[in-house]
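Structure at a glance
Okay, here's what each chain looks like letter by letter:
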Amino acid sequence: MFYVRDLDNEPNTYANVFSFMGLPLSRELSEDVDAVILGIPYDLATSGRSGARMGPTGIRQASAQLRWEEKRWPWTFHLADKLRCVDYGDICFTDGDSDEMLAVLKAEASKIFAANKTLLSFGGDHFLTLPLLRAAAEKHGQMALIHFDAHTDTEASEAKYNHGSMFYHAPKEGLIKPENSIQVGIRTEYDYDNHPFQVLDAAWVNEHSLGEVLSNIKQRVADMPVYLSFDIDCLDPAYAPGTGTPVSGGLSSDRALQIVRGLQDLNIVAADVMEVAPAYDHAEVTSLVAATLALELLHVIAAKRSSK
Ligand SMILES: [Mn+2]
């Protein structure tokens, strides 16, 4: 009963804000839990403006505004009927100790995957996707990556903590298969002649139909298990100013939500929403779209499951 909303006793949307969507705060990975929300308040790998450590809190607070709908538009089912979710809270580590953070994150994420849960993580800076991929690959093997971002994050850097080189390392470590991976919304330079990922750049996505975007993603991914990583700077700064390395000319919130909503036949085993930095936000617009994308992702994951 903990997972079913009691609409007669719902708190005010602006009060008692502790967890994503008011989900139970729990670290018990019992059998009836399907999906786990995990916050990672770390931003020491940023190259631009820091502040993404406040992302999980910002997303949770903004999610309060999404709690009143019984069935989220335009879905036709109650999320809790198909997917039982808990909010695991944020990982804890000693301030400034990146090695400890990495060890704690890896251990917690591995535990969650080993218990057969789908993991939805909130950053934090985008570097965190690399340890999350390592944990996911232990369970699911090599995956296809669907990566929404203004940047390819494929810089050939050997620095241990860098939020611009995760997808240089991830294929080398065998975590993802670039031939089945795709990057959406890119609008910064990369090595055009030597880049193993398919790129649907922002201008292309903004010029082509939703159907064309989706068919490119689905053809590329085929039937592989999918890790979906959403850097909020995929969106134009008009829609997501609250981030560390904004780039003009991105996707609108509506476009991104429609693309994500169209991915429901895929086998998404884990996802993340990264780089929300509330200090640069205005009227919680970035936190709100991040929370909405996260909620939409849960519906996408739930859609092909049967009711409980
Ligand atoms: Mn980015």
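Structure's up top.
Now for a quick tour of the structure.

Cut-offs and rules
- Residues numbered from 1 in each chain as written.
- Predicted model: local features only at pLDDT ≥ 70, side-chain atom pairs only at ≥ 80, totals over all residues.
- Heavy atoms only, no water.
- Buried < 20%, exposed > 50% of the residue type's maximum accessible area, 1.4 Å probe, protein only.
- Helix = DSSP H or I, 4+ residues; strand = E, 2+ residues; numbered from the N terminus.
- Pairing = 2+ DSSP bridges.
- Axes fitted to C-alpha atoms, helices over the stretch in contact; angles between N-to-C directions.
- Contact = heavy atoms within 4.5 Å.
- Core = buried A, V, L, I, M, F, W, Y, C linked by side-chain atoms within 4.5 Å.
- Right-handed = clockwise from strand over helix to strand, strands pointing away.
- Salt bridge = Lys/Arg side-chain N within 4 Å of Asp/Glu carboxyl O.
- Phe/Tyr/Trp six-rings, centres within 6.5 Å; stacked < 30°, edge-to-face > 60°.
- Lys NZ or Arg CZ within 6 Å of the ring centre and 35° of its normal.

Next up on the list: helix α1 (residues 55-63). Burial of α1 is extensive: 7 of the 9 residues sit out of reach of the surface. Those residues of α1 that fall on the buried side of the exposure criterion are G55, P56, G58, I59, R60, A62 and S63.

Another point: the sheet that holds strand β6 (residues 198-201). Within the open sheet, the 8 strands sit side by side as β2-β1-β3-β8-β7-β4-β5-β6. Their pairing is parallel. Whereas interior strands pair on both sides, the edge strands pair on one side only; in this sheet they are β2 (85-90) and β6. With direction set aside, neighbouring strand axes in the sheet form an average angle of 15 degrees. Pairing analysis gives 6 bridges linking strand β7 (residues 226-231) to strand β8 (residues 268-274), with the strands arranged parallel. In the sheet register, V226 faces β8, and the bridge partner there is I268. Across the sheet, helix α3 (residues 98-114) touches β1 (35-40), β2, β3 (118-123) and β8, and the angle it forms with β1 is around 175 degrees. Sitting on the sheet, helix α9 (residues 285-303) touches β1, β2, β3, β7 and β8, and the angle it makes with β8 is about 175 degrees.

The subject of this paragraph is the nonpolar core. Grouped together as the largest cluster of nonpolar side chains are 58 residues, with contacts concentrated most on F20, I146, F148, I217, L228 and F230. Here this core takes 12 residues from α9, the largest share from any one element. Filtering out sequence-adjacent residues up to four positions away, I146 remains in contact with I182, I217, V221, V226, Y227, L228, S229, L263 and L266.

For N180, the location among the structural elements is in the loop between α5 (166-172) and β5 (182-186). Those residues in contact with N180, other than ones at most four positions away along the chain, are A144, L145, R220, V221, A222 and M224.

Attention shifts here to unusual backbone geometry. With an omega of 0 degrees, the peptide bond running from W73 to P74 counts as cis. Mapping P74 onto the fold places it in the loop between α1 and α2 (79-82). The peptide bond linking G123 to G124 adopts the cis configuration, its omega dihedral lying at 10 degrees. With respect to the secondary-structure elements, G124 resides in the loop between β3 and α4 (129-140). A positive phi angle, near 55 degrees, is found at M21, a position not held by glycine. Among the secondary structure elements, M21 is positioned in the segment before β1.

Moving on, we come to the pairing of β5. Taken across its 5 residues, β5 has 5 buried, putting it largely inside the fold. One ladder, built from 3 bridges, connects strand β4 (residues 144-148) with β5; its direction is parallel. The residue of β5 that forms the bridge with F148 is V184. Traced from β4 through α5 to β5, the parallel crossover comes out right-handed.

To continue, consider the pattern of salt bridges. As enumerated under the stated definition, the model contains 14 salt bridges in all. One salt bridge connects R305 with D34, and the closest N-O pair in it is separated by 3.9 Å. With a gap of 271 residues between them, R305 in the segment after α9 and D34 in the segment before β1 connect regions that are remote in the sequence. The class for D34 is buried, based on a relative accessible area of 10%.

Per the counting criterion, the structure on display carries 8 aromatic pairs. An angle of 70 degrees between the planes, with centres 5.2 Å apart, marks the rings of F20 and F122 as edge-to-face. Of the two residues, F20 is situated in the segment before β1 and F122 in strand β3; the sequence distance between them amounts to 102 residues. Counting every residue linked through ring pairs, the aromatic cluster contains Y42, F93, F127 and Y161. Residue placement shows R49 over the ring face of Y280; its charged tip is 4.0 Å from the ring centre. K82 extends its terminal NZ or CZ atom over the ring of F77, reaching a point 5.2 Å from the ring centre.

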